[in-house]
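Each chain, letter by letter, is given below.
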Amino acid sequence: MTQQLTDRSPAAPAAPPSARRRVVAASLGFTALAVLAALAVVGARPDPSKAVAERGAVSLRPAAAPLQTGPRLVALSTASGSQGRLVAVSPEAPGAPRAVSGLSCARFDAAAGTGLCLRLDGNLTTYQMTVVDSALHIKDAIPLVGVPNRARVSPSGRLVAWTVFVTGDSYNGGRFSTRAGILDTRTDNLVPTLEDWPVTVAGRPYHAKDLNFWGVTFARDDRRFYATMSTAGHRYLVEGDLAERRLRTVRDGVECPSLSPDGTRIAFKAARGGDPRHGWGLAVLDLASGRVTPLAEEHSVDDQAVWLDSRTVAYALPRGRGHADVWRTAADGTGRPRLLVRDAESPAVLDTDRQG
Amino acid sequence: MYLSTIDRPRGAPRPGRRGALTAVGANVLVLGAVSLLTDVSSEMVTAVLPLYLVLTLHLGPAAYGVLDGLYTGATALLRLVGGYTADRFRTRKAVAAVGYGMSALAKLGLLAAGAPTAIGAVIVADRAGKGLRTAPRDALIALSVPEPLLGRAFGTHRAMDSAGAFAGPLVALGVLAVAGTTAAAFDALFFTSFCIACAALLTLAVFARDHRDERPAAPAPAPRAALGLLRGSGTRRLLCAATALGLSTVGDGFVYLVLLRRQGFSTGWFPWLAVGTSLVYLLLATPFGALADRYGRAVLLRWGYLALAGVYLLLASPFPGTPVTLACLCLYGAFYACTDGVLMALAAPAFPPALRTTGLACVQTAQALAYFASSVGFGLAWAAWGPATASGAAVVAVAGALAVTVPALKDRTVEETSA
């Protein structure tokens, strides 16, 4: 009544015809699947003929004189064919064809002739933080662990800050953590993570294991900066001091700060109803009065905004899979958001006196 | 003793007379191959999902955290449903195939899903498929070999399974190395993962054998009979052991995080900790399964607890250095090799054949729920006391688990409960 299993091996020479037919059918199936998968992988290879690699066509050098036409922008392209490439956008016609550089990044920022590019490090599991000069030549590179999330250059171009997202797929108990670091490009002084600095919450020393930092923005003095600190369900705006290596909380419920060119206001995103599941709203905080002005953008904004000038902020909104557009809206909450650059993200303004 | 007399094919190889591979039977190797392919398929997605979510879908950390929390616990009920359905309709293979198929379709779903909620649904479908298939598959393994060879059979299956988990991230890296990291490249990767999952399904459909001819026309077990299973003292002891095992396991993530903090090595090594553990597990699973057949499965289970206690002791100790890290990973891999397949080999013969899949599902569910509770508890202990003290508390938990398990699972439990 029990049938032997050991002589049913598919490769057994004495297999009956039906078994042989099954082996043939299965082999055909495996071959078909392998061919389909190989075709898909080979078909997804980037087409070298489409990639425009004009290194040097994009420059980060600020213009000598302020332009009448508006701020000059660079951004990362999300268009098929040039995805991830740094592109220069004409201020007169942001929708027009743009100069495409050979530099590919996952996140980018630039100021005063210094560029910060967070990118894959050849070996696909790791990233590197790359500092480039105005001709996009690499000046410095540091390996990063984690997926890049935010990049910021100080107004003087001296300090660079990055946030990586240390995900723990199967090994972190399902929680994420972020790590924010700062490099002084002049002294090579490196702050690998802000987590080791002493923190005060509402003036009192604070100790916790669950501190996460992200979204650094620098003040003009190359010493003070702002960032987000999350702990115990709160997302605080913190002010940091690079000379004293200390952090203090300023306000709760402020994420991804961006300091205005005059240093008086902070554009930020705030979780709607305090719950990130409902998305984020964009707003501006006046540092002196503490007044918060919600901006006109109604979509959820999961980005660190940049100031185009003292009256306007720009940010990326995802569109479909793999695409994003850069939008602009007034910093006083009036008007309607307008499309600034199609098929781009990580915008950086080259010639305003913007800050942070 | 009817299990071993009925299930052992006449003239089947006795343990030790032939090599381990032929001794465990072709069906176990087929099921191992199915698991291997499925694990390659799912681990290649797991390895790149964070990359994909952030780079292509532009999700921030918080959105990702929300997604990740979605599937915890969602599969516990499905596991029981899958186990009982397989018993009720006496088609373990069909239920397992539905589970494997769901996970395969989920890979295809990743191609279409662009929004976080859709991705969440896809992840849940994938997990649900895993929940559905695990118990029927383990029941098929149990039916494929004579009872004295169960430890070796489960060991071999788990070794093949973790070989797939080991290879998956490498396959993903290979695909991305060829295709880049554009949205199209991720599409190709998900499609490749789908093709590999289909190959697993094809292997299962064509080569795996269900064991339907053991008893002609036995009445299908009623739900009440399934509930009655819980009343048996053998079942209760197994559930106790599974729960104790789950409660004393704080989670891989925590073990690696404590190692990272205590040893202070670069975070770049972090993924390699999991790789090291699976490598040890992969190498030891089959030999330890054979040892379990020879010296008793409960004995091996106890050695597993001791290895686990060793891991936590090292984590609580102040000793620094690479040797400590390596010792931790070896002990941790050995713990898995002593317990994961061995518990199933211990449990399978303890249930009546008509309700075996349900029984295995109960044991797996108890273990999974306890494991979830202990992970939450360890997280709280870490926050309150710090990693060293929390690890010390974990040693106490293991000792407690041993104290519960040793009297519950005396050796030769197999004979006692099935005679």
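Here the structure is a predicted model, which means the values were calculated and not measured. (Residues numbered from 1 in each chain as written. Chains lettered and ligands numbered in written order. Predicted model: local features only at pLDDT ≥ 70, side-chain atom pairs only at ≥ 80, totals over all residues. Heavy atoms only, no water.)

Draft legend 1. Region of interest: the overall build of chain A. Check the secondary structure of chain A and you find 1 helix and 26 strands. Counting the 356 residues in chain A, one finds 50% classified as buried. The long-range fraction of contacts in chain A, counting pairs at least 24 apart against all pairs at least 6 apart in sequence, stands at 45%. Carbon and sulfur atoms provide 53% of the accessible area of chain A, an area that totals close to 15,900 Å². (Helix = DSSP H or I, 4+ residues; strand = E, 2+ residues; numbered from the N terminus. Buried < 20%, exposed > 50% of the residue type's maximum accessible area, 1.4 Å probe, protein only. Contact = heavy atoms within 4.5 Å. Areas by Shrake-Rupley, 256 points an atom, 1.4 Å probe, with all protein chains shown as cover.)

Draft legend 2. Representation of the overall build of chain B. Counting its regular elements, chain B contains 18 helices and 0 strands. In chain B, 85% of the contacts between residues at least 6 apart in sequence involve partners at least 24 apart.

Draft legend 3. Up close: the confidence of the model for chain A. Residues and elements named next belong to chain A. On average, residues of chain A score 83 in pLDDT, and 83% of them are at 70 or above. Note that pLDDT drops below 50 for residues 1–14; the model gives that stretch 24 contacts with residues more than four away or on any other chain. Predicted confidence is poor over residues 168–174, with pLDDT under 50, and the contacts of this stretch with residues over four places away or in other chains come to 18 contacts. (pLDDT = per-residue confidence, 0-100.)

Draft legend 4. Spatial organisation of the pattern of salt bridges. Residue and element names in this part refer to chain A. Under the criterion given, the structure shown has 25 salt bridges over all chains. In this structure, Asp303 and Arg107 form a salt bridge, with 3.1 Å as the shortest nitrogen-oxygen distance. On the criterion of sequence distance, the pair formed by Asp303 in the loop between strand E21 (292–294) and strand E22 (306–309) and Arg107 in strand E4 (residues 107–111) is long-range, its members being 196 residues apart. One exposure class covers both Asp303 and Arg107, and it is buried. Arg246 is paired through a salt bridge with Glu244; the nearest N and O atoms lie 2.6 Å apart. We classify Arg246 as partly exposed; its relative accessible area is 48%. Where salt bridges share partners, they join Arg107, Arg150, Arg235, Glu255, Lys269, Asp302 and Asp303 into one cluster. (Salt bridge = Lys/Arg side-chain N within 4 Å of Asp/Glu carboxyl O.)

Draft legend 5. Just the sheet that holds strand E2 (residues 85–89) of chain A, in detail. Residue and element names in this part refer to chain A. Across the sheet, 4 strands lie side by side as E3-E2-E1-E26; this open sheet has antiparallel pairing. The outermost strands of the open sheet, each flanked by one partner alone, are strand E3 (99–104) and strand E26 (344–349). Between one strand axis and the next, the sheet turns through 30° on average, direction left out of account. In this structure, E2 lies alongside E3, joined through 3 bridges in antiparallel fashion. (Pairing = 2+ DSSP bridges. Axes fitted to C-alpha atoms, helices over the stretch in contact; angles between N-to-C directions.)

Draft legend 6. A look at the sheet that holds E22 of chain A. Residue and element names in this part refer to chain A. Read across the open sheet, the 4 strands follow the order E22-E23-E24-E25; overall the sheet is antiparallel. Strands at the two margins of the open sheet, each flanked by one partner only, are E22 and strand E25 (338–341). Strand-to-strand twist of the sheet, defined as the mean angle between neighbouring strand axes without regard to direction, takes the value 45°. Of the pairings in the sheet, the one linking strand E23 (residues 312–319) to strand E24 (residues 323–330) comprises 8 bridges and is antiparallel in character. The partner of Pro318 across the bridge, within E24, is Ala324.

Draft legend 7. Region of the structure containing helix H14 (residues 297–316) of chain B. With 20 residues, H14 of chain B extends 29 Å between its outermost C-alpha atoms, agreeing within 8% with the 28 Å of an ideal straight helix rising 1.5 Å per residue. Along H14 of chain B, 14 of the 20 residues are buried, which leaves the element largely enclosed by surrounding structure. (Expected span 1.5 Å × (residues − 1).)

Draft legend 8. Representation of the packing of aromatic side chains in the model. According to the stated counting rule, one finds 8 aromatic pairs over all chains in the structure shown. Ring centres 6.0 Å apart and planes at 20° place the aromatic pair Tyr332 of chain B and Phe335 of chain B in the stacked group. Of this pair, Tyr332 of chain B and Phe335 of chain B both sit in helix H15 (residues 322–347), 3 residues apart, which is roughly one turn of the helix. Phe335 of chain B matches Tyr332 of chain B in its accessibility class, with the two residues each being buried. Ring-pair connections join several aromatic residues into one group, and the members of that group are Tyr281, Tyr332, Phe335 and Tyr336 of chain B. When the ring centre of Trp280 of chain A is taken as reference, the NZ or CZ atom of Lys269 of chain A above it lies at 4.1 Å. (Phe/Tyr/Trp six-rings, centres within 6.5 Å; stacked < 30°, edge-to-face > 60°. Lys NZ or Arg CZ within 6 Å of the ring centre and 35° of its normal.)

Draft legend 9. Inspection of the side chain of Ser374 of chain B at higher detail. Among the secondary structure elements, Ser374 of chain B is positioned in helix H16 (residues 356–385). If we skip the residues at most four places from it in the chain, Ser374 of chain B touches Gly246, Leu247, Thr249 and Val250 of chain B.

Draft legend 10. Just a nonpolar patch on the surface, in detail. Residues Leu77, Leu80 and Val81 of chain B make up a contiguous nonpolar surface patch of roughly 260 Å² in combined accessible area. Mapped onto the elements of the fold, Leu80 of chain B is located in helix H5 (residues 76–88). (Patch = residues over 30% accessible without salt bridge, like charges linked within 9 Å, V, L, I, M, F, W, Y side chains within 5 Å.)

Draft legend 11. Focus on the state of the cysteines. In this structure the tally under the stated criterion is 1 disulfide over all chains. For Cys105 of chain A, the disulfide goes to Cys117 of chain A, at an S-S distance of 2.1 Å. Measuring the twist about the S-S bond at about -115°, one finds the Cys105 of chain A-Cys117 of chain A disulfide to be left-handed. You can see Cys105 of chain A sitting in the loop between E3 and E4 and its partner Cys117 of chain A sitting in strand E5 (residues 114–121), a full 12 residues away along the chain. Judged by its relative accessible area of 0%, Cys117 of chain A falls in the buried class. Among the cysteines around Cys338 of chain B, which has no disulfide bond, Cys330 of chain B carries the closest sulfur, lying 13 Å off. With relative accessibility at 4%, the residue Cys338 of chain B sits in the buried group. (Disulfide = S-S within 2.5 Å.)

Draft legend 12. A look at the pairing of strand E14 (residues 212–218) of chain A. All names here are of chain A. Counting buried positions over the 7 residues of E14 gives 7, a clear majority of the element. Where E14 meets strand E15 (residues 224–231), 5 bridges bridge the pair, whose relative direction is antiparallel. Residue pairing for E15: Trp214 is matched across the bridge by Thr228. What sits between the antiparallel neighbours E14 and E15 is a turn of 5 residues, in which Asp222 has the positive phi angle 55°.

Draft legend 13. Geometry of the packing of H14 of chain B against H15 of chain B. Residues and elements named next belong to chain B. Taken N-terminus to C-terminus, the directions of H14 and H15 make an angle of 150°; their axes are 8 Å apart at the nearest point. As the angle between them shows, H14 and H15 are arranged roughly antiparallel. Both H14 and H15 take part in a crossing whose hand is left-handed. For the pair H14 and H15, contact is made by Arg297, Ala298, Leu300, Leu301, Trp303, Gly304, Ala307, Leu308, Gly310, Val311, Leu314 and Leu315 and by Val324, Ala327, Cys328, Leu331, Tyr332, Phe335, Cys338, Thr339, Val342, Leu343, Ala345 and Leu346, respectively. (Parallel < 35°, antiparallel > 145°, perpendicular 65-115°, else oblique. Left-handed = near helix turned anticlockwise from the far one by under 90°.)

Draft legend 14. View of the confidence of the model for chain B. Residue and element names in this part refer to chain B. A residue-level look at chain B finds 82% of positions with pLDDT of 70 or above and a mean pLDDT of 80. Confidence drops under a pLDDT of 50 for residues 1–21, and excluding neighbours within four residues, the segment shows 36 contacts in the predicted structure. Across residues 412–419, confidence stays below pLDDT 50; counting only partners more than four residues off in sequence or on other chains, it has 15 contacts. Interface predicted TM-score (ipTM) for the complex: 0.74; the corresponding pTM is 0.71.

Draft legend 15. Up close: the side chain of Thr78 of chain A. Residues and elements named next belong to chain A. With respect to the helices and strands, Thr78 occurs in the loop between strand E1 (73–77) and E2. You can call Thr78 buried: its relative accessible area is 2%. Within polar-contact distance, the side chain of Thr78 engages the side chain of Asp343 at 2.6 Å. Discounting residues that sit within four places of it in the chain, Thr78 has contacts with Gln83, Gly322, His323, Ala324, Asp343, Ala344 and Glu345. (Polar contact = N/O pair within 3.5 Å; in protein donor to acceptor, adjacent residues only side chain to side chain.)

Draft legend 16. Local environment of the environment of Gly273 of chain A. All names here are of chain A. Assignment of secondary structure puts Gly273 in the loop between strand E19 (265–271) and strand E20 (280–286). Gly273 sits in the exposed class, given a relative accessible area of 83%. Spatially, the C-alpha atom of Gly273 lies 9.9 Å from that of Gly253, the residues being 20 residues apart in sequence.

Draft legend 17. The arrangement of the nonpolar core in detail. Counting residues in hydrophobic clusters, the biggest one holds 86 residues, and the most contacted among them are Leu238, Val255, Tyr312, Leu315, Tyr332, Val363 and Phe378 of chain B. Counting residues per element, this core draws most heavily on H15 of chain B, which supplies 15 residues. For Leu238 of chain B, the residues in contact, after removing those within four places along its chain, are Leu346, Ala347, Ala350, Phe351, Val363 and Leu409 of chain B. One finds Ile142 and Val160 of chain A together with Ala106 and Val122 of chain B within the second-largest nonpolar core, a separate group that totals 44 residues. (Core = buried A, V, L, I, M, F, W, Y, C linked by side-chain atoms within 4.5 Å.)

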